[in-house]
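Coordinates in review
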Amino acid sequence: MKKVSGKIIWSVMYMNKCLVLFVEGDTEVEFYKRVLLNARQKRPQKRFDISIECKNVKGVGGFKNIALRKFIKEIKPKYGEECEFSIALCRDTDVFELSPKPPVDWGEVESTFKEYGVKNVIHIKAKQSIEDWFLFDTEGIISFLRLPKKTKVSGKNGYDKLKKLFRKANNMYYKGMKSNGMIERLDIDKIVQCIQEELEPLYNALENY
């Protein structure tokens, strides 16, 4: 494995396939990079002959315009027309579950990417938010915040629970911003075991390379 300008390259011999993850914020960039590393560690005898990019679209609305713009102007010129592209749209589901008029038409987003030469589009859905995923390792978060081990977790949803834990540690949690070390302290193996169903589309995409 080699890192080049923020890009993860699992095999430097083959550069004709690229998987691009579009995510909602910097926290998600950190998290999905660890998920990908975990996937690599699970199969040490087999390399992913693929380049992987992880791009922040700065909120759910960015999937409509920012993601496509980044693909057309940054990703596609970088790898060339002959590259086989797969796109992963990684988002929370809470906005779509609560809104009578969802902010993004995923079918339209998928169709537009395919018009620009993308072979596969997969959807990774964090139910209800990625903070709910983080909380599968509550012990790791509490340890990171240096709170007592018996600290109670309360809140109306994952984001609220995490925000309250940070507040107890006289700190602030900002959705989408870099976690300042929290993601590095999470037990990723423990978390991915709890969310295997949600991550299955990503694992299936990796297994194709």
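Here the structure is shown first, and the text comes after it.
1. Quick look at the pairing of strand E5 (residues 84-92)
Burial within E5 is extensive, with eight of its nine residues counted as buried. Pairing geometry for strand E3 (residues 17-23) and E5, over six bridges, is parallel. In the sheet register, Val20 faces E5, and the bridge partner there is Ile87. By the bridge criterion, seven bridges tie E5 to strand E6 (residues 120-126) in an arrangement that is parallel. Pairing of Cys90 across the sheet is with Ile124, part of E6.

2. A few points about empty space enclosed by the protein
Enumeration according to the criterion identifies one cavity of 30 Å³ or more in this entry. Along the walls of the largest cavity sit Glu24, Glu28, Tyr32, Cys90, Arg91, Asp92, Ala126 and Ile130, which together make up its complete lining. Of all the secondary structure elements, the ones that give two or more residues to the lining of the largest cavity are helix H1 (26-42) and E5. A total of three residues in the lining of the largest cavity trace back to one element, the largest contributor, which is E5. Here the lining of the largest cavity is built from residues that sort into four nonpolar, no polar and four charged.

The rules we used
- Residues numbered from 1 in each chain as written.
- Predicted model: local features only at pLDDT ≥ 70, side-chain atom pairs only at ≥ 80, totals over all residues.
- Heavy atoms only, no water.
- Buried < 20%, exposed > 50% of the residue type's maximum accessible area, 1.4 Å probe, protein only.
- Helix = DSSP H or I, 4+ residues; strand = E, 2+ residues; numbered from the N terminus.
- Pairing = 2+ DSSP bridges.
- 1 Å grid on protein atoms, 1.4 Å probe; cavity = no way out; pocket = protein on both sides within 12 Å on 5 of 7 lines; lining within 4 Å.
- Points joined across faces, edges and corners; volume = space filled by probe spheres on them.
- Nonpolar A, V, L, I, M, F, W, Y, C, P; charged D, E, K, R; others polar.

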